[in-house]
Amino acid sequence: MKKHIPFGKPVIGKPEIESVNRLLRQPILVHGQQTLSFEEKFSNYVGSRYAVAVSSCTAGMHLSYLALGIKEGDEVIVTSQTHVATAHCIEFVGAKPIFVDCEQKTGNICVESIESKITKKTRAISIVHFVGIPAEMKKIKSLAKKYKLFIVEDCALALGSRINGVHVGLHGDVGSFSFYPVKHITTIEGGMVITNNKKIDDFIRRARSFGYNKKKMKSNLLYDVDLLGYNYRMNEVEAIIGLAQLERLDHFLNKRVENFNYYVSKLEKIKNVHILRNYDLNSISSNYCITLILKKHLSKFRNQIVEELKKLGVGTSIYYPGPVPLFKYYKTKYNLKSRSFPNALCISNQSISFPTGPHIDKSIIDEIVFCINKVFNIFK
Ligand SMILES: *Cc1c(COP(=O)(O)O)cnc(C)c1O
């Protein structure tokens, strides 16, 4: 490669810089108009009734479980192949995560394995749309209905993913997005919770900000506190960056589809590799990245392949470096065994993810694919 291509690179330019510059010259840095307008524009974009800006996706999911009243003694079913935050938020409220293996073809939760894990204590199913590939929500929703369970969606990598035209995050009770630098849009740190449920919106709005309740007060300066809230707000600087990014989201998403499809056309014939893909014709992926699963002899050399690619200037990532139940905290706490999660292990050990973001284009993909072929040949 002519230069190093990072796996993820936020596209920050004049619109973001000028907005921040303007914002910093006025007095309101939190609890202001920018956050309200970011919430309104975001909810219009995804088509939700409500949207609450928070300090991260993790904060949003923590508040979601609190809003649903999930607590100690409850169980929440969760996929194994995800960011640790997905499971941590269940632990935060004292509930127990019940891990289910994923599908090898998509990385999404294995729906067929959910029902056998449901007990009297099960209160919710936590869904992750793996690298933006929408999970099978129709089947999951019917299970949730049958057993009266809530659905919490982790949409951190799924901004732009839709099923039958309906944005992810709206197929369950509540959904959270992340605006961490390498996600689809960034506010540096930040997140958004969407829901169509007024009670959930109302709870999260108060709980993100110490539990202040100004509703029944005659003056806006006065408040009562009726719940144990956190400081999980988004500030005005983050919100104004978010507003500028949201303007460019369609362009970002189009670039990702274009890049993803171009990779596929170039990599389809490559041997001993499986590409993680969305197979559902009724849904669209946010194309967060393109993930290759190395098969046969190549799989043993995954880490070396990553190193060789890095030397050539190709930035990659692993989603995720371990199935969550096999990380020490969970493995020891719940005495979990690796044989229970064969598909998640396969993705953790045998996958490499390549960038699809707006910082790359067809000519860079040509170079990346050239490097992939070159490195794979070393390990032939
Ligand atoms: C990035 C990510 C998170 C965490 O998001 P934060 O905004 O950093 O809290 C959670 N879940 C998934 C699937 C992620 O990829």
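Up top is the structure these notes are about.
This section reports on the structure supplied with the text. All figures in this text were calculated on a predicted structure; none of them were measured in a lab.

Brief notes about the side chain of N287
Next, step 1: Tracing the backbone shows N287 in the loop between β13 (283-284) and β14 (289-294).
Next, step 2: Ignoring any residue separated from it by four or fewer positions in sequence, one finds N287 in contact with V131, H184, R256, V257, F260 and T356.

Quick look at the site of the ligand
Next, step 1: By nearness alone, 13 residues border the ligand, and C57, T58, D154, S178 and K183 come closest of all.
Next, step 2: At 2.9 Å from an oxygen atom of the ligand is found a main-chain nitrogen or oxygen belonging to C57.
Next, step 3: In this structure, S178 approaches the ligand through a side-chain N or O atom, which is 2.7 Å from an oxygen atom.
Next, step 4: Protein chains shield 93% of the accessible area of the ligand, which is 380 Å² for the free molecule.
Next, step 5: Across the shell around the ligand, the residue classes break down as five nonpolar, six polar and two charged.

Side note on the sheet that holds strand β6 (residues 162-163)
Next, step 1: Reading across from one edge, β7-β6-β13 is the order of the three strands in this open sheet, with antiparallel pairing throughout. Each end of this open sheet is capped by a strand with a single partner; those strands are β7 (166-167) and β13.
Next, step 2: As judged from the two bridges shared by β6 and β7, these two strands associate in the antiparallel manner. Each bridged residue has a counterpart across the sheet, and for I163 the counterpart in β7 is V166.

Structural notes on the side chain of H171
Next, step 1: Looking at where H171 falls in the secondary structure, it is placed in the loop between β7 and β8 (174-178).
Next, step 2: Residue H171 is classed as buried on the basis of its relative accessible area, which comes to 9%.
Next, step 3: A distance of 2.9 Å separates the side chain of H171 from the backbone oxygen of V166, its partner in a polar contact.
Next, step 4: Excluding residues within four positions of it along the chain, H171 makes contact with M137, K141, I151, E153, I163 and V166.

Let's talk about the pattern of salt bridges
Next, step 1: Applying the stated criterion across every chain yields a total of 15 salt bridges.
Next, step 2: Measuring nitrogen to oxygen at the nearest pair gives 2.7 Å for the salt bridge that ties K333 to E91. With K333 in helix α9 (residues 328-334) and E91 in helix α4 (residues 84-92), this residue pair connects regions lying 242 residues apart in the sequence.
Next, step 3: Via salt bridges that share partners, E39, D201, R205 and R208 belong to a single interconnected network.

Details of empty space enclosed by the protein
Next, step 1: Tallied over the entire structure, the rule returns one cavity of 30 Å³ or more.
Next, step 2: Approximately 130 Å³ is the volume found for the largest cavity.
Next, step 3: Lining of the largest cavity is provided by 20 residues; of these, K9, V182, K183, R256 and P358 occupy positions nearest its centre.
Next, step 4: Take the lining of the largest cavity: its biggest share by element is three residues, from helix α7 (residues 236-267).
Next, step 5: The residue makeup of the lining of the largest cavity, split by class, is ten nonpolar, seven polar and three charged.

Structural notes on the packing of helix α2 (residues 33-46) against α7
To characterise two packed helices, one gives the angle between the axes of the helices and the distance between these axes.
Next, step 1: Axis separation between α2 and α7 bottoms out at 7 Å; the angle between their running directions is 25°. It follows that α2 is roughly parallel to α7 by the angle criterion. As α2 packs across α7, the resulting crossing turns out to be left-handed. Contacts between α2 and α7 involve Q33, Q34, T35, S37, F38, K41, F42 and Y45 from the first element and E236, A239, I240, G242, L243, L246, L249, D250 and L253 from the second.
Next, step 2: Considering only residue class, the contact of α2 with α7 consists of nine nonpolar, five polar and three charged.

Parameters at a glance
Residues numbered from 1 in each chain as written. Predicted model: local features only at pLDDT ≥ 70, side-chain atom pairs only at ≥ 80, totals over all residues. Heavy atoms only, no water. Helix = DSSP H or I, 4+ residues; strand = E, 2+ residues; numbered from the N terminus. Contact = heavy atoms within 4.5 Å. Near = heavy atom within 4 Å. Polar contact = N/O pair within 3.5 Å; in protein donor to acceptor, adjacent residues only side chain to side chain. Areas by Shrake-Rupley, 256 points an atom, 1.4 Å probe, with all protein chains shown as cover. Nonpolar A, V, L, I, M, F, W, Y, C, P; charged D, E, K, R; others polar. Pairing = 2+ DSSP bridges. Buried < 20%, exposed > 50% of the residue type's maximum accessible area, 1.4 Å probe, protein only. Salt bridge = Lys/Arg side-chain N within 4 Å of Asp/Glu carboxyl O. 1 Å grid on protein atoms, 1.4 Å probe; cavity = no way out; pocket = protein on both sides within 12 Å on 5 of 7 lines; lining within 4 Å. Points joined across faces, edges and corners; volume = space filled by probe spheres on them. Axes fitted to C-alpha atoms, helices over the stretch in contact; angles between N-to-C directions. Parallel < 35°, antiparallel > 145°, perpendicular 65-115°, else oblique. Left-handed = near helix turned anticlockwise from the far one by under 90°.

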